Structures are given as structure tokens and as C-alpha cells.
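What follows is the residue order along each chain.
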Amino acid sequence: MSDREGVIKYRLEHQLADLPVDFGFAELNAWRSIMHRLGLIGRVPDRYDGLGFGNISRRLVPGRDEFIISGTQTGDLPQLEARQFVWVVEAVPEQNRLCSRGACQPSSEALTHAGVYRECPDAQAVIHVHSPEIWRQTAALALPHTGADIPYGTPRMAEAVAELFANGDLQALPLFTMLGHLDGVVAFGTSLAEAACQLLCQLSRAMAIEQCPPAR
């Protein structure tokens, strides 16, 4: 794998500005902290070039594509402060462009989150984690996935996500792995809790497969 987690690949237009007063910080940060405790969001010195990984977002207003997402390279922090979240006000995957506001820059995976929100009006939350178990068991679990040649945080990834929606691959299971992004998994749902539960369900299934003794 040649990509490095945490490297922003899109063209960013960012303004230093205050976030909306009520963007659901407490719930957003609580679920992110849970993901961090489970090692699904974090930083491990000997993985991913030592950079932080994982991010979380929620749609700001139902029916609109603006969303709040955790800031870039915050994966190592057990808990975030409000200023470490960012408001994405516009995303144009075709132009590899994203506009944001806040005290820090958005996650490197913000373009992928934007693609999910655009393709799925019912999605109110997106969680991107790194789970070696789920990622390794993509085929065994018959999980929707993007191709091994599709790099993260790029228009090609946004296009691949759009194809998963267009093909109906995500209709039954709102979760997919990114085979071109080592251990990358994305889940979404009508709430943060729903997205998180999808992740935990697939993690338990993957762990069950890997814990089974090999057949003799």
C-alpha cells in the first residue's frame, strides 16, 4: 500500500470560523471516544506510518449535504474538543474540491464522507475506522467494497462509492471496506448509534471467523 493515512489529497478551501452553536458535539464525541477505546480510531506507532487513523461525522441539517467531521490527524486523542471538529459546507468530488470552516482542517477522508451523504439522503452519520479483522474478511463476509486500485480521499473513491449505491450493493448493508486503503472500513446510518452498531456487528463476525480453528 502506498497511500498514507492522514494525507489530504483533495483541494481544500478552508476558512477560520466558528462552528454552529449546536452541532451535537456531546454525542458525536462520545461515539468517537468509544471507537478510540476499541482501537478502531487511534494511532499506533508501527501502523500506517505512525499517523493517526479514523474519523467520524454527522450531517448538520437533514436534507442538506453539509456535515461536521473530526479534524485531520486527531486520531491519537482519546477525546476531542469542539474546536477539533470541522464544518464541511460544500464538497464537489468531481472537482476534487472541498470547502470547510473551523479552527482546524477536516479529515483526509472528508471527500468520502461527502460522497455517502450525497448518495444517501437518509444517512445522518458516517464512521470511518481501521479494522484489520473486518478488512481481511471482506470476501468471507461478502461485504460491499471498493477496488484495490482505488485510493482513499480522491474523486475515484467518491465515484466508487457512488457505484456501490447505484448498484444496490449498500441497500441491505450500510457498510463497505476500501481494499485500496489498508484496513479501511466505512459505516453509515440514520444515526451515530446505527452506524456504530453496524461496525461492531461486522467486527464480531470477522473475529468469529478468525478465531475458528482451521479445518483438519
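Bear in mind that the values here come from a model prediction, so they are computed numbers and not experimental data. (Residues numbered from 1 in each chain as written. Predicted model: local features only at pLDDT ≥ 70, side-chain atom pairs only at ≥ 80, totals over all residues. Heavy atoms only, no water.)

Asker: Tell me what's going on with the packing of helix α1 (residues 25-37) against helix α5 (residues 192-211), and back it up with residues and numbers.
Answerer: Relative to each other, α1 and α5 sit at 10 degrees, their axes nearing to 10 Å. Taken as axis vectors, α1 and α5 run roughly parallel relative to one another. Counted together, Glu27, Leu28, Trp31 and Met35 of α1 and Leu192, Ala193, Ala196 and Leu199 of α5 form the full contact between these two elements. Along the lines of polarity and charge, the residues of the contact of α1 with α5 split into 7 nonpolar, no polar and 1 charged. (Axes fitted to C-alpha atoms, helices over the stretch in contact; angles between N-to-C directions. Helix = DSSP H or I, 4+ residues; strand = E, 2+ residues; numbered from the N terminus. Parallel < 35°, antiparallel > 145°, perpendicular 65-115°, else oblique. Contact = heavy atoms within 4.5 Å. Nonpolar A, V, L, I, M, F, W, Y, C, P; charged D, E, K, R; others polar.)

Asker: Give a detailed account of the packing of aromatic side chains, specifying residues and quantitative values.
Answerer: Using the criterion set out here, one finds 5 aromatic pairs in the structure. Centre to centre, the rings of Phe165 and Phe188 are 5.4 Å apart; their planes meet at 45 degrees, and the pair counts as tilted. Of this pair, Phe165 sits in helix α4 (residues 155-166) while Phe188 sits in strand β9 (residues 184-189), and the two are 23 residues apart along the sequence. Phe188 carries the same exposure label as Phe165, and that label is buried. (Phe/Tyr/Trp six-rings, centres within 6.5 Å; stacked < 30°, edge-to-face > 60°. Buried < 20%, exposed > 50% of the residue type's maximum accessible area, 1.4 Å probe, protein only.)

Asker: If you had to explain the pattern of salt bridges to someone new, which residues and values would you point to?
Answerer: Tallying each qualifying case throughout the model produces 11 salt bridges. Residue Glu90 is joined to Arg97 by a salt bridge in which the shortest nitrogen-to-oxygen separation is 3.6 Å. Its relative accessible area of 37% is what places Glu90 among the partly exposed residues. For Arg97, a relative accessible area of 13% gives the class buried. (Salt bridge = Lys/Arg side-chain N within 4 Å of Asp/Glu carboxyl O.)

Asker: Give me the lowdown on the confidence of the model for the protein chain, citing residues and values where you can.
Answerer: On average, the protein chain scores 91 in pLDDT, and the residues at 70 or more come to 94%. Scored below 50 in pLDDT, residues 1-6 makes 27 contacts in the model with residues more than four places away or belonging to other chains. (pLDDT = per-residue confidence, 0-100.)

Asker: Quick one: what's the story with the side chain of Arg32, residue by residue and with numbers?
Answerer: Counting through the fold element by element, Arg32 comes out in helix α1. Of the side chains bearing the opposite charge, Asp76 lies closest to the buried Arg32, which forms no salt bridge; the N-O distance is 6.3 Å. Here Arg32 is in contact with Ile41, Ile56, Thr74, Gly75, Leu77, Pro78, Gln79 and Leu80, once residues within four sequence places are set aside. (Lys, Arg positive; Asp, Glu negative; His and termini not counted.)

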